[in-house]
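Summary of the model geometry
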Amino acid sequence: QVQVVESGGGLVQAGGSLRLSCAASGRTFSFYAMGWFRQAPGKEREFVAAIARSGGSTSYSDSVKGRFTISRDNAKNTVYLQMNSLKPEDTALYYCAARLLAEAPRTVNGYDYWGQGTQVTVAS
């Protein structure tokens, strides 16, 4: 079992950058595929980015591709989401998720463990 805690959210102007972090407990972090999701008020939770447990493959939603970068440091039990060129439509609660798999799913149902989320607000 793994627990994850997100941090790094905040208020930023459009065009700015933020880096989210997700710290995981346990000594088996490297066994878990990791994903980032987001949920805006009144909308469903949606996929943002995911990374395989090896870090060897990543995937992104079309809305963030080219602007966001997911990475992980298995020695630090941490996964990151670097967000550049932020837009007001990126405003949401961002969640980190984990699944005991090699490859990272792109669906909410594909993950077993979730954090509480970190708020990202992009002002226009």
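Please refer to the structure higher up on the page.
Summary of the structure given here. (Residues numbered from 1 in each chain as written. Predicted model: local features only at pLDDT ≥ 70, side-chain atom pairs only at ≥ 80, totals over all residues. Heavy atoms only, no water.)

**A few points about the overall build of the chain**
The helix and strand inventory of the chain stands at zero helices and 11 strands. Listed by position from the N terminus, the elements making up the chain come as β-β-β-β-β-β-β-β-β-β-β. For 124 residues, the compact-globule formula gives about 14 Å, and the C-alpha radius of gyration of the chain, at 13 Å, lands near that figure. Seen along its three principal axes, the alpha-carbon backbone of the chain occupies a region of about 40 × 25 × 25 Å. Counting only residues that meet the buried cut, the chain has 44% of its 124 residues in that class. In the chain, once contacts between residues fewer than 6 apart in sequence are set aside, the share between residues at least 24 apart is 60%. Side-chain charges in the chain split into 13 positive and 9 negative, and the spacing between the mean points of these groups amounts to 5 Å. (Helix = DSSP H or I, 4+ residues; strand = E, 2+ residues; numbered from the N terminus. Rg over C-alpha atoms; globule rule 2.2 N^0.38 Å. Buried < 20%, exposed > 50% of the residue type's maximum accessible area, 1.4 Å probe, protein only. Contact = heavy atoms within 4.5 Å. Lys, Arg positive; Asp, Glu negative; His and termini not counted. Charge placed at Lys NZ, Arg CZ, Asp CG, Glu CD.)

**Things to note about the environment of Trp114**
Relative to the helices and strands, Trp114 is located in strand β10 (residues 113–114). Remark: the alpha-carbon pair of Trp114 and Val5, spanning 109 residues in sequence, is separated by 8.3 Å.

These figures come from the coordinates and say nothing about function on their own.
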